[in-house]
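# Observations on the three-dimensional arrangement
Read off the chains here:
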Amino acid sequence: MEIVLAKSAGFCFGVRRATQMAFEAAGKHAQICSLGPVIHSPQVVKKLAERGVTVVKHVDDIPAGAVIVRSHGVTAEEMQQILDSDLSVVDATCPFVKKAQEYAARLCEEGYTVVIVGEVEHPEVQGIVSYADRSRVYVVADAEQAALLPRMKKVGIVAQTTQLYENLKDIAGICLTKSQELRVYNTICDATSVRQNEAREIARQVERMFVIGGHASANTSRLAHICREILAETWHIETADELEPGWFTGVDKVGVTAGASTPSWLIDEVVTRIADLGGGE
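This section reports on the structure supplied with the text. (Residues numbered from 1 in each chain as written. Predicted model: local features only at pLDDT ≥ 70, side-chain atom pairs only at ≥ 80, totals over all residues. Heavy atoms only, no water.)

## Some points on the side chain of His236
With respect to the helices and strands, the residue His236 is situated in strand β11 (residues 234-237). In this structure His236 comes out as buried when scored by relative accessible area, which is 16%. At 2.9 Å, the side chain of His236 forms a polar contact with the backbone oxygen of Gly213. A distance of 3.4 Å separates a polar atom in the side chain of His236 from the backbone oxygen of Gly214. (Helix = DSSP H or I, 4+ residues; strand = E, 2+ residues; numbered from the N terminus. Buried < 20%, exposed > 50% of the residue type's maximum accessible area, 1.4 Å probe, protein only. Polar contact = N/O pair within 3.5 Å; in protein donor to acceptor, adjacent residues only side chain to side chain.)

What follows is the structure in structure tokens.
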């Protein structure tokens, strides 16, 4: 059995940077926590916990010491509250997320109604929203929701960094019909587009597709969705323990990719396990 592993599988720049910052900070501070999980990988969060990094949900829950700001960022209010405290701050916000926050703030200052393309409950999106005037922000997940937007004079668009480019394009096209002036910032991370295109190519070549990453990871779930549209036999898994022998019976070729929050050691474990189960290489 042949195993095709995506070249881009695993950590993106922002996640690698955040993870490195978190582990380095854990070695310097006796008391340290993160506001929300540093990245959407339960296995990495567990390793950080073993180094003394606890996860808290609210700023008020942060004890004395140091706090790590997760890669997805936090709201403007939370960041200000942290900066006003006596805490040591390790800001691991992805630079691309920060750029989306800055664009949202700028658009609002210049009189635009801000449309954010993304998932309203995702922490990254909630953070971006907070940097604009909340009364002049709409979050839309897809073209169907965009069609419900009212007519507006000036519209500015930014996107959650892990969104599909096609989704951003479709929503921008609808907003063009609902506004007199439209400004669009393509804030989708290049690494996201590369992973998605590579996943499509591999899914077309194989009989089984495996997407590795946290089930709470938006970009990993989106990769699985992309692959599943091409190949029904697609599985979104977190670890090698989830693999079942029956999935490889009579299969000659499988594909493997992973989300941007998936560490290389998890990918290696899955590939090794697939090889054991299917006699692959």
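Now that the structure is up, let's keep going.
## Things to note about helix α10 (residues 264-278)
Here α10 spans 21 Å end to end across 15 residues, near enough to the 21 Å set by a 1.5 Å rise per residue. Within α10 the residues assigned to the buried category are Leu266, Ile267, Val270 and Ile274. The buried residues of α10 occupy one face: seen down the axis, they fall within an arc of 100 degrees. Within α10, the exposed residues directed more than 90 degrees away from the buried face are Ser264 and Asp276. On its buried face, α10 sits against β1 (2-5), α2 (42-50), β10 (208-212), β11 and β12 (253-258). Phi turns positive one or two residues past the end of α10, at Gly279, with a value near 65 degrees. (Expected span 1.5 Å × (residues − 1). Arc of directions from axis to C-beta. Contact = heavy atoms within 4.5 Å.)

## A short note on the sheet that holds strand β9 (residues 179-184)
Strand order in the open sheet formed by 4 strands is β7-β6-β8-β9, with parallel pairing between adjacent strands. Each edge of the open sheet is held by one strand with a lone partner, namely β7 (137-140) and β9. Here the average twist between neighbouring strands, direction ignored, is 25 degrees. Pairing geometry for strand β6 (residues 113-117) and strand β8 (residues 152-159), over 5 bridges, is parallel. In the sheet register, Val114 faces β8, and the bridge partner there is Gly156. Lying over the sheet, helix α4 (residues 95-109) contacts β6, β8 and β9, oriented at roughly 170 degrees with respect to β8. (Pairing = 2+ DSSP bridges. Axes fitted to C-alpha atoms, helices over the stretch in contact; angles between N-to-C directions.)

## Regarding the pairing of strand β5 (residues 88-91)
Examined bridge by bridge, strand β4 (residues 66-69) and β5 share 4 bridges and lie parallel to one another. Across the sheet, residue Val67 finds its bridge partner in β5, namely Val89. Once you follow β4 into helix α3 (residues 76-83) and on to β5, the crossover reads as right-handed. (Right-handed = clockwise from strand over helix to strand, strands pointing away.)

## A short note on the nonpolar core
By size, the foremost hydrophobic cluster in this structure holds 29 residues, and its most contacted members are Leu243, Phe248, Val254 and Ile274. Put simply, the parts of the chain that give this core at least two residues each are β1, α8 (190-203), β10, α9 (218-230), β12 and α10. The greatest single-element share of this core, amounting to 4 residues, is contributed by β10. Ignoring any residue separated from it by four or fewer positions in sequence, one finds Phe248 in contact with Met1, Phe210, Leu243, Val254, Ile274, Leu277 and Gly278. Within the second largest apolar cluster, 18 residues are counted, among which are Phe11, Ala18, Ala26 and Val53. (Core = buried A, V, L, I, M, F, W, Y, C linked by side-chain atoms within 4.5 Å.)

Limitation: the analysis is restricted to geometry and does not speak to function.
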